Amino acid sequence: MSDTAERDLIARCRQGEDGAFRELVDQYKGLVFALVARTIRDPSRAEDLAQEVFLKIHRGLPYFRGDARLSTWIYRIVVNLCASERPSRDVPLDAGDEERPAWEPGGPDRAYGDVELRDRLDKAIRRLPAHYRVLVAGHYLRGMKYEDLAEALHLPMGTVKTHLHRAKRLLREMLEEPRPGSEQRTANSE
Amino acid sequence: MTCDQINLRIDAVLDGDEAWTSDARAHLDTCSRCQSRVALAQGINRWLPQLPVDTPPATFTSGVMARVRRERWRAEQALDAGFNVAIAAGLLLIVAGVAGLAWSSGLIVVGADVVALMREAIAVTGAEIAPQLPTYSVAALLLTMGLGVWWWTEHANFER
Ligand SMILES: [Zn+2]
């Protein structure tokens, strides 16, 4: 969405035009839902929380000054709401996941290895600490730029990159053969 | 250069934020453990953007709009209730004023015992209210200010 179209949409929302707000929801529901679903531990709460994000947007639009891009502001709302969500009991880890052999690069059946890596990666993300999950979801799954993440989180861009590197290292360690201590570290880091 | 030192840098190097030193390169050329870690990191980089993304259900937007309408309705109800109370209080004051005026100008004749009873009632109520008078005054002031701000925002909305 171009900057002009975005400003126009915000102005119409502020005038109380329901149709404009509906357009805004349609425009950003994919981003909001994907971020919320990846960040919280309990997937059954995703829809309710994602709707709550839009209620906050609706209440906050009169005060949105337009310094940041709308998507950046929305990302910040998602982060704050997910942070305030009381962490439910950890999603049970896939039984037997740790017993699977470690991923072998360039092994005899690479295609199978790759598909398996994707599945295990998908699960491993859910075991990351929440502040890494929301960054990984924003950057890698929804293509948000480093600078937008930094602005939304009020962090220097270097810190955002460092957090993403650490998140990927944790993922790597979860996918590697279980070594004493590696499981404990991920379990204790939250 | 140790495997742990390499391990800490792999993701930064693959993201182009750091570069391998010659020491690190020499280690990587001979260490299968680190080579395997680099390959795994490359696999993660390849797959992360391709992971399935959760999508909202088809009813999502209508659900949000229903909640927005419900919230607006609740706010309007609260505002309406406040107005009704204010209007009732205003009407009561007008009626009391008109009655007082009619009584003082002799249009209404009230017996002496009724007047005495009313005086006593006013005195008793006054004595009860007097200690809390500052609280009532502040509450009245806040209510007036609140209604004033509401009127102002409504007015500003019309102007826009
Ligand atoms: Zn090594």
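This structure is a prediction, so every number in the text was calculated from the model and none was measured.

About the cut-offs
- Within each chain, residues carry numbers counting from 1 in the order of the written sequence.
- All chains are assigned letters beginning with A, and all ligands numbers beginning with 1, in the order in which they are written.
- Totals for whole chains, interfaces and linings use every residue, but because this is a predicted model, local features are given only for residues with pLDDT of at least 70 and side-chain atom pairs only at 80 or more, for both listing and counting.
- Note: side-chain values were computed over all heavy atoms of the structure, leaving out hydrogens and water.
- Keep in mind that water is not among the atoms, so a site may look incomplete; donors are the N, O and S atoms within 2.8 Å of the metal, or 3.2 Å for Na, K and Ca.
- All geometry calls rest on donor angles, where a four-donor set with angles between 85 and 135 degrees is tetrahedral, four- and six-donor sets with opposite donors more than 155 degrees apart and all others between 65 and 115 are square planar and octahedral, and all else is irregular.
- Strands are runs of DSSP state E lasting at least 2 residues, helices are runs of H or I lasting at least 4, and numbering of each runs from the N terminus.
- Each residue is assigned to one of three classes by its accessible area relative to the maximum for its type, calculated with a 1.4 Å probe on protein chains only: buried under 20%, partly exposed between the two thresholds, exposed over 50%.
- Candidates for patches are residues over 30% relative accessible area with no salt bridge; among them, like charges are joined within 9 Å and nonpolar side chains (Val, Leu, Ile, Met, Phe, Trp, Tyr) within 5 Å.
- Values of accessible area rely on a 1.4 Å probe in the Shrake-Rupley scheme; residue burial ignores everything except the protein chains shown.
- By definition here, a salt bridge exists when the distance from a side-chain nitrogen of Lys or Arg to a carboxyl oxygen of Asp or Glu is within 4 Å.
- Two residues qualify as a contact provided that any one of their heavy atoms is within 4.5 Å of a heavy atom in the partner residue.
- Throughout, the accessible surface (probe 1.4 Å) given up by two parts as they are put together, summed over both, is called the buried area.
- Polar contact is the term for a pair of N or O atoms within 3.5 Å; when the atoms are in protein, one must be able to donate a hydrogen and the other to accept it, and sequence-neighboring residues count only if both atoms are side-chain atoms.

Visitor: I'd love a proper account of the coordination of the zinc ion, names of residues and values included.
Guide: Residues and elements named next belong to chain B. Ligation of the zinc ion by protein atoms is provided by Cys-3 (SG), His-27 (NE2), Cys-31 (SG) and Cys-34 (SG), these donors lying 2.1 to 2.3 Å from the ion. One can describe the site at the zinc ion as tetrahedral: its 4 donor atoms subtend angles covering 101 to 114° at the metal. Counting residues between consecutive donors of the zinc ion along the chain gives the motif C-x23-H-x3-C-x2-C. Residue Cys-3 is found in helix H1 (residues 3–14), and its partner Cys-34 is found in helix H3 (residues 32–47); the two are separated by 31 residues along the sequence. Cys-34 gets classed as buried once you look at its relative accessible area, which sits at 0%.

Visitor: Kindly report on a nonpolar patch on the surface, identifying the contributing residues and their values.
Guide: All names here are of chain B. There is a patch of nonpolar side chains on the surface, built from Trp-103, Leu-107, Ile-108, Val-110, Val-114, Met-118 and Ile-122 and spanning about 680 Å² of accessible area. Sorting elements by how many residues they give to the nonpolar patch places helix H5 (residues 112–129) first, with 3 residues. Relative to the elements of secondary structure, Val-110 occurs in the loop between helix H4 (60–104) and H5. Using a relative accessible area of 30% as the deciding quantity, one classes Val-110 as partly exposed.

Visitor: Can you tell me about the interface of chain A and chain B, naming the residues and giving the values?
Guide: The interface is formed by 46 residues belonging to chain A together with 38 residues belonging to chain B. Counting the surface lost from both chain A and chain B, the interface buries some 4,100 Å², and carbon and sulfur atoms represent 60% of this. Where chain A touches chain B, the interface holds 8 salt bridges. We note a salt bridge from Glu52(A) to Arg67(B), for which the minimum N-O separation is 2.8 Å. Counting every contact that joins chain A to chain B gives 17 residue pairs in polar contact (both at pLDDT 80 or more). Broken down by secondary-structure element, the contributors of at least two residues to the side of chain A that touches chain B are helix H2 (18–39), helix H3 (46–60), helix H5 (110–126), helix H6 (130–141) and helix H8 (157–175) of chain A.

This is a description of form; function is not addressed.
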